Amino acid sequence: MPGLFELPVLDSPASKKWVLIQGNGNWSAGQFDGQEFIEETGRHPCDVGPNFYATQSWHNTETGDGRRVQVAWMRGSNFPNMPFNQQIPFLAN
């Protein structure tokens, strides 16, 4: 399921852009008028591997520092001698 959220621009915190992130972790930034997202960047991967799947994110409101936290399912990996075959990587910015 895709996610759509607003974030401040790194070098200009007063400016904000909307970020559209797809379930596979591909993201793009642009404008959103409440009905239509207008992409201003190309689509970029959050992860370079083929296993990033079902990404979800939320606003970290408890700390008040404005971070957005993202998790995704890592599927199809092989971890010899481990009692699991998949995992959930954690990304925070």
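To keep things clear, this report deals only with the structure shown in the data block. All values derive from a computational prediction rather than experimental measurement.

1. A few points about the packing of aromatic side chains
Here is step 1: For the structure on display, the rule yields one aromatic pair.
Here is step 2: Taking 5.2 Å as the distance between ring centres and 65 degrees as the angle between the ring planes, the aromatic pair formed by tryptophan 18 and phenylalanine 32 counts as edge-to-face. Of this pair, tryptophan 18 sits in strand S2 (residues 12-21) while phenylalanine 32 is found in strand S3 (residues 27-32), placing the two residues 14 residues apart along the sequence.
Here is step 3: Judged by relative accessible area, phenylalanine 32 falls into the partly exposed class, the value being 28%.

2. Remarks on the side chain of arginine 68
Here is step 1: Summarising the element assignment, arginine 68 is placed in strand S6 (residues 68-74).
Here is step 2: No salt bridge is formed by the buried arginine 68; its nearest oppositely charged neighbour, glutamate 6, is found at 9.5 Å.
Here is step 3: For arginine 68, the side chain forms a polar contact with the side chain of serine 57, separated by 3.1 Å.

3. A word on the environment of glycine 42
Here is step 1: Take glycine 42: it is sitting in the loop between strand S4 (37-39) and strand S5 (52-59).
Here is step 2: Overall, glycine 42 belongs to the partly exposed group, its relative accessible area being 39%.
Here is step 3: Along the chain, glycine 42 and serine 28 lie 14 residues apart, while their C-alpha atoms are 5.9 Å from each other.
Here is step 4: Setting aside its immediate chain neighbours within four residues, glycine 42 contacts Trp27 and Ser28.

4. Quick look at the sheet that holds strand S1 (residues 3-9)
Here is step 1: Reading across the sheet, the four strands line up as S1-S2-S3-S4 and stay open at both edges, with antiparallel pairing between neighbours. The open sheet has two edge strands, S1 and S4, and neither has a second partner. In this sheet, neighbouring strand axes are inclined to one another by 45 degrees on average, regardless of whether the strands run parallel or antiparallel.
Here is step 2: In the sheet, S1 pairs with S2 via seven bridges, with the strands oriented antiparallel. Within S2, the position partnered with leucine 7 by the bridge is lysine 17.

5. Some details on the pairing of S2
Along any regular strand the residues' side chains alternate between the sheet's two faces.
Here is step 1: Hairpin geometry of S1 and S2 is characterised by an intervening segment of two residues between the two adjacent antiparallel strands.
Here is step 2: Note that S2 and S3 share four bridges and pair antiparallel. Of the residues in S3, the one forming a bridge with tryptophan 18 is glycine 30.

Rules of the game
- Residues numbered from 1 in each chain as written.
- Predicted model: local features only at pLDDT ≥ 70, side-chain atom pairs only at ≥ 80, totals over all residues.
- Heavy atoms only, no water.
- Phe/Tyr/Trp six-rings, centres within 6.5 Å; stacked < 30°, edge-to-face > 60°.
- Helix = DSSP H or I, 4+ residues; strand = E, 2+ residues; numbered from the N terminus.
- Buried < 20%, exposed > 50% of the residue type's maximum accessible area, 1.4 Å probe, protein only.
- Lys, Arg positive; Asp, Glu negative; His and termini not counted.
- Salt bridge = Lys/Arg side-chain N within 4 Å of Asp/Glu carboxyl O.
- Polar contact = N/O pair within 3.5 Å; in protein donor to acceptor, adjacent residues only side chain to side chain.
- Contact = heavy atoms within 4.5 Å.
- Pairing = 2+ DSSP bridges.
- Axes fitted to C-alpha atoms, helices over the stretch in contact; angles between N-to-C directions.

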